[in-house]
Structure formats: structure tokens, C-alpha cells
Amino acid sequence: MENDTLDEALVRLHGTGPEHDGWLSNHAPMATEALIRNGHADDVHRWIDAYRDRLDEAPRGIAPISAEGWRDPLGDPTRTGDWLGFFERETRSGPWRAVLATWWPRLLPGIAAGATHGVIRVGHAVRALLDRETPERVAELGQGLAYWAARWQPLAPAGHGAYPASDPRSALDAVPRVPDQRFGIRNRLAQLADLPTWPQAAGAVPGSDAAEDRLREIVAAAVRHHLRYGYGNPVMLVHAATAPAAVLRTLPALPPSLAGPSLAAAWAAAAAVTAAYSPTTPDPTARLEPASALDPAEVFDRAVVSGDAHAIKFADAAVEAWQAFGDPALLAASVHTTGLIGPAS
């Protein structure tokens, strides 16, 4: 990412808040990074022009958060402005990798923050920083960490034990579904604690290879899962793939000791979103397009044409997974998901 388009975009977006219209996440920094990553730098400012009017200004703080007093305001959205100020100071006063290494294990237990958008925003920021370190990208990392801290939300605890290993695709299909899928994500995630099989499903992290390889497999499994189950709630189910993809993108910047906890949290997030938004039966109309008809650049182009940030970010994760595994079903899932989501409003 050698051009300056991302930094220009982040300057335009820096004064906007992490949410708008209540709980809706500000997707602009994430979608912008994904657009540039996939060869669409020329579309960035036009996309921001169409998106920016819906955004709110960054909230003001109430009282500064100290380095010693961070626990009480954790997960308090009324302190979002204070968290933005806190991480602006943190990222200016020390190396960004050190800030990330300190706060990642503190924030990881609350990976559900903002419907997982906290960790997703951090993942996009870290991927950009690993390409090139600039003040604008460091500031964006701080804003992502602040959003995660303000909306910090833990999941129902996973179990502990020698659970049987399985492949990620089978494991996702076997995740128990919450019984009431009528309301928002907080209502749905609250039901996990009442599911008898949730602790084992969340604790049995699939795969047996290194953490990075297992994360790639989980992302790919979630992308494929969307092809058959995305019809239930195509927008929200994309986070079963984009949340672990964000963790995968962040791993290279973290100390090796954090790989295991990161893998476990990413799997729990993917399983929780699957439990909350997957129907119990697959869509019988979902079909795999012929492999010869799919090209990764064209697949991402379709998402760009839709204009929808979720379609763009899901296509980004799907193309990365295709690059790792070469499975045409991953590209087909992106095309199918873009169609389900439809054009941005």
C-alpha cells in the first residue's frame, strides 16, 4: 500500500465518531483500507463522499482515563470520547507495537465489542501499519482500540477440557443456534449462556496446526458457511469471517505468546456470530458458480459496485482465503453474499 490514498482518507475521517445513528459502526476506515488493498484506490474518495454524510462527529470526553484507572470505564460507551483521548495519548507517547501488545490481551476477552467491529477495525489498521508506518495509520489504530475499549463485551464463557478436534467447517455447522433470532446482537449473545452445548462448542477450537494456519482455516470455513446460511441475515453473518480475519491480520504484530489466546478468542467470536445469525437449515438454492467464471479481481469488483461496506469487507476476507486455499467456493460465497446484501443505501 505504497500510495498516499489511505492516509488522505484517514485524515478526512479522523474527526468522525466510531458509531452513528446509535449502535451502527463507522465502516469507512475499514472499507477504505480494503478497497486500496484490492486495487481500488481510485474509488476511495468517491466512496467516502457517498458514505460520510451519515457519520457523526467524534464524541467529546467526560473525564480523562488514567493509565491506572482503565478498568472501570472498560465497556462503557458513554466514555467513548475519553477512550479516544486516552489512545491518542498512548499511541503518541510510545511505539504502536508496544501499545498493541499491552492492550490486545486486555481487550481480547471483550472481542464481541460493537458486534466484533472493534477488533475488525484494529485488524485493518494493523494490516496497513505492517505495510507502512505513518502518523495517520498509527492514529487510526488508536481509534480502533478506543472503540473496542468503549464497547468491550465478553461472550458467555467457553468450557475447558479435552474436546474432540474437528475441521472448522464441520465445527461451524455444529455450533448450536440461539433460539430467538428476532432482536439485536446483544439479545442474541445473551442467550449463549443458556445453551447447554455452547461451552463445548466455543472451547473446542478446531484444527491442530499452528495458530496462524488454524485461523486461516476458520476464516475460510466461515466464508463457505455464509454461502449456505447467509440467507438468514447476510449482513451480520459476515462477521463470523471478518472477525477472525482481523485477528489473523494482527498476529504478525503481536508477541508469539499471544497467538494461542488470540486463536481461542477468534474462534469463540466466529462461533458466537454463527450461533446468533445462522438459520438451522442451509439454503437449498445456494449454488457454486463454475470455477472458470470466477476471478478474484472480478469478485471484489462486484462488491465495490454494490457500494456496501459489509460486502466489501467480506469480499476482502474471501479473496484472502482463496489466495491461501485456492477453493472456488470461497469466491462463489463472496459473489452470493454480495447479491444477498444488495446495493448500499
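Residues numbered from 1 in each chain as written. Predicted model: local features only at pLDDT ≥ 70, side-chain atom pairs only at ≥ 80, totals over all residues. Heavy atoms only, no water.

Per an unreviewed UniProt entry, the protein goes by the name DUF4243 domain-containing protein and belongs to Actinoplanes awajinensis subsp. mycoplanecinus.

Side note on the environment of Phe314
Operational definition: For helices the rule is a DSSP run of H or I covering at least 4 residues; for strands it is a run of E covering at least 2, with both sets numbered from the N terminus onward. Any two residues whose heavy atoms approach within 4.5 Å are treated as being in contact.
Topologically, Phe314 is positioned in helix H16 (residues 309-325). Leaving out residues up to four positions away in the same chain, Phe314 has contacts with Val223, His226, Val238, Ala241, Thr242, Ala333, Ser334 and Thr337.

Details of the domain arrangement of the protein
Accessible area lost during the coming together of the parts is what is often quoted as the interface size. Put simply, the rule reads: An automatic or database domain assignment is the source of the domain bounds shown. The working definition used for a salt bridge is a side-chain nitrogen of Lys or Arg within 4 Å of a carboxyl oxygen of Asp or Glu. We define a polar contact as two N or O atoms separated by no more than 3.5 Å, with the added condition that, inside protein, one atom must be a possible hydrogen donor and the other a possible acceptor, whereas residues neighbouring each other in sequence contribute only through side-chain atom pairs.
Domain boundaries assigned for the protein yield domain 1 (4-151) and domain 2 (156-344). The gap between the C-alpha centroids of domain 1 and domain 2 is 22 Å. Between domain 1 and domain 2, the contact holds 30 residues from the first and 33 residues from the second. Linking domain 1 with domain 2 are two salt bridges. Put simply, domain 1 and domain 2 have nine residue pairs in polar contact (both at pLDDT 80 or more) between them. Listed by contribution, the elements that provide at least two residues to the side of domain 1 that touches domain 2 are helix H2 (28-37), helix H5 (96-107) and helix H6 (117-131). Looking at the side of domain 1 that touches domain 2 element by element, the count peaks at eight residues for H6.

Some points on the environment of Gly142
Here Gly142 lies in helix H7 (residues 135-150). Separated by 102 residues in the primary sequence, Gly142 and His40 place their C-alpha atoms 25 Å from one another. Ignoring any residue separated from it by four or fewer positions in sequence, one finds Gly142 in contact with Phe87 and Thr91.

A few points about H5
How we decide: To estimate how far a helix should reach, multiply one less than its number of residues by 1.5 Å. For the exposure calls, accessible area comes from a 1.4 Å probe over protein chains only, and a residue counts as buried if that area is under 20% of its type's maximum, exposed if over 50%, partly exposed in between. Directions from the helix axis toward the C-beta atoms define the arc.
Taking 1.5 Å of rise per residue, 12 residues should cover 16 Å, and H5 covers 16 Å from first to last C-alpha, within 8% of that figure. Here H5 has its buried residues at Trp96, Val99, Leu100, Trp103, Trp104 and Leu107. In a view along the axis of H5, the buried residues occupy a sector of 125°, so they form one face of it.

Structural notes on the nonpolar core
Grouped burial of nonpolar side chains is what soluble globular proteins tend to show. Our working definition: Throughout, nonpolar core names a set of buried Ala, Val, Leu, Ile, Met, Phe, Trp, Tyr and Cys residues whose side chains join them through atoms within 4.5 Å.
Trp83, Leu100, Trp104 and Leu192 are the most contacted members of the largest nonpolar core, which totals 113 residues. A domain split of this core shows at least three residues from each of domain 1 (4-151) and domain 2 (156-344). What Leu192 contacts, discounting residues up to four positions off in sequence, is Leu155, Ala156, Val178, Trp198, Ala272 and Ala275. Membership of the second largest hydrophobic core comes to six residues, among which are Leu294, Val299, Leu331 and Ala332.

Details of the pattern of salt bridges
Here the idea is simple: oppositely charged side chains can pair when their charged atoms come close. Enumeration over the complete set of coordinates arrives at 22 salt bridges. Among the salt bridges present, the one from Arg37 reaches Glu33, with a minimum N-O distance of 3.2 Å. Placement of both Arg37 and Glu33 in helix H2 is noted, with a separation of four residues, approximately one turn of the helix. Arg37 gets classed as partly exposed once you look at its relative accessible area, which sits at 30%. Between Asp316 and Arg249 there is a salt bridge whose closest N-O contact spans 3.0 Å. Pair noted here: Asp316 is in helix H16 and Arg249 is in helix H13 (residues 239-250), with a separation of 67 residues, a long-range link. Among the residues examined, Asp316 registers a relative accessible area of 1% and is labelled buried.

Observations concerning the packing of aromatic side chains
Operational definition: For Phe, Tyr and Trp, where Trp contributes only its six-membered ring, two rings pair if their centres lie within 6.5 Å, and the inter-plane angle classes them as stacked under 30 degrees, edge-to-face over 60, or tilted in between.
The full count for this structure, using the stated rule, is nine aromatic pairs. For the pair Trp83 and Phe86, a centre-to-centre distance of 5.6 Å together with 85° between the ring planes defines the contact as edge-to-face. Highlighted residues: Trp83 and Phe86, both in helix H4 (residues 80-93), separated by three residues, approximately one helical turn. Aromatic pair Phe86 and Trp103: ring centres 5.5 Å apart, planes at 75°, arrangement edge-to-face. With Phe86 in helix H4 and Trp103 in helix H5, this residue pair connects regions lying 17 residues apart in the sequence. Trp103 carries the same exposure label as Phe86, and that label is buried. A connected cluster of aromatic rings, assembled from ring pairs, spans Trp70, Trp83, Phe86, Phe87 and Trp103.

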